[in-house]
Amino acid sequence: ADPPLPNSLQKWYRAQQQQNITTLSDLAPAYRYARVPAREDVDDVARALGAATGARVEAVTWLPRFLRLPAATPLKNAAPYEERRVFAMDAASGFAANALGVEPGDVVL
């Protein structure tokens, strides 16, 4: 069973004009993200990953070289993942690296 959030927290979410968030599972991410390396074509990898997982895979318009797919979709054993054509990476990390202008050969700690 999915436990309800405390009433005070539900009220806070409503005040923030968020979706109807009333249980813990409502806070779960809807998507997972994957980075496509520069050597690969994003559209080709998206098609291959969709075929391998049966999931809807789409490019992230605001984050170059990133794909999104439903959060419950496993990447392990999917050919593009096993062939290192795509890497699991959260969008926040990708956005930070993009904002920093990281180039090949740069070292980021």
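Residues numbered from 1 in each chain as written. Predicted model: local features only at pLDDT ≥ 70, side-chain atom pairs only at ≥ 80, totals over all residues. Heavy atoms only, no water.

Chemist: Any chance you could explain the sheet that holds strand β4 (residues 87-88) here in plain terms?
Modeler: Taking strand neighbours across the sheet as the criterion, the 4 strands line up as β2-β3-β1-β4 in an open arrangement whose pairing is antiparallel. A strand with exactly one partner marks an edge of an open sheet, and here the two such strands are β2 (58-59) and β4. By the bridge criterion, 5 bridges tie strand β1 (residues 31-35) to strand β3 (residues 66-70) in an arrangement that is antiparallel. Bridging from a neighbouring strand, tyrosine 33 pairs with arginine 68 of β3. Its contacts with the sheet place helix α2 (residues 42-53) against β2 and β3, and it is angled at close to 20 degrees to β3. (Pairing = 2+ DSSP bridges. Helix = DSSP H or I, 4+ residues; strand = E, 2+ residues; numbered from the N terminus. Contact = heavy atoms within 4.5 Å. Axes fitted to C-alpha atoms, helices over the stretch in contact; angles between N-to-C directions.)

Chemist: Could you clarify how one ought to interpret the side chain of threonine 23 in this entry?
Modeler: With respect to the element layout, threonine 23 can be found in the loop between α1 (7-15) and β1. The class for threonine 23 is buried, based on a relative accessible area of 15%. Of note is the side chain of threonine 23, whose polar atom sits 3.3 Å from the side chain of serine 25. Excluding anything up to four places from it in sequence, threonine 23 contacts Asp2, Pro3, Pro4 and Leu5. (Buried < 20%, exposed > 50% of the residue type's maximum accessible area, 1.4 Å probe, protein only. Polar contact = N/O pair within 3.5 Å; in protein donor to acceptor, adjacent residues only side chain to side chain.)

Chemist: Would you mind showing me how to read the pairing of β3 here?
Modeler: Looking along a regular strand, one sees side chains alternate from face to face of the sheet. Inspection of the sheet shows β2 paired to β3 by 2 bridges, in the antiparallel sense. Bridging across to β3, alanine 59 finds its partner in leucine 67. Following β2, the chain reverses through 6 residues before pairing antiparallel with β3; arginine 65 in that reversal takes a positive phi of roughly 70 degrees.

Chemist: Sorry if this is basic, but what is going on with the nonpolar core here?
Modeler: A general feature of soluble globular proteins is that nonpolar side chains tend to end up buried together. Ala34, Val36, Val42, Val45, Ala46, Leu49, Val57, Leu67, Leu69, Leu75, Ala78 and Val86 together form the largest nonpolar core, which totals 12 residues. Where this core is concerned, the elements lending two or more residues are α2 and β3. Per-element accounting of this core gives the leading share, 4 residues, to α2. Those residues in contact with valine 42 that sit more than four places away from it in its chain are Val36, Ala59, Arg65 and Leu67. Within the second largest apolar cluster, 5 residues are counted, among which are Tyr33, Val60, Leu63 and Ala91. (Core = buried A, V, L, I, M, F, W, Y, C linked by side-chain atoms within 4.5 Å.)

Chemist: What is the right way to look at the environment of valine 60 in this model?
Modeler: Tracing the chain through its elements places valine 60 in the loop between β2 and β3. A relative accessible area of 7% places valine 60 in the buried class. Considering only alpha carbons, one finds valine 60 and alanine 46, 14 residues apart in sequence, at a separation of 11 Å. Discounting residues that sit within four places of it in the chain, valine 60 has contacts with Tyr33, Phe66, Leu67 and Arg68.

Chemist: Just to check I follow, could you spell out the pattern of salt bridges for this structure?
Modeler: As a working rule, side chains carrying opposite charge can pair if their charged atoms are close by. Under the definition given, this model contains 5 salt bridges. Between arginine 47 and aspartate 44 there is a salt bridge, with the nearest N and O atoms lying 2.5 Å from each other. Placement of the pair is arginine 47 and aspartate 44 together in helix α2, with a separation of 3 residues, close to one helical turn. Taking relative accessible area as the criterion, aspartate 44 reaches 36% and is therefore assigned partly exposed. A network of salt bridges, in which partner residues are shared, links Arg39, Glu40 and Arg85. (Salt bridge = Lys/Arg side-chain N within 4 Å of Asp/Glu carboxyl O.)

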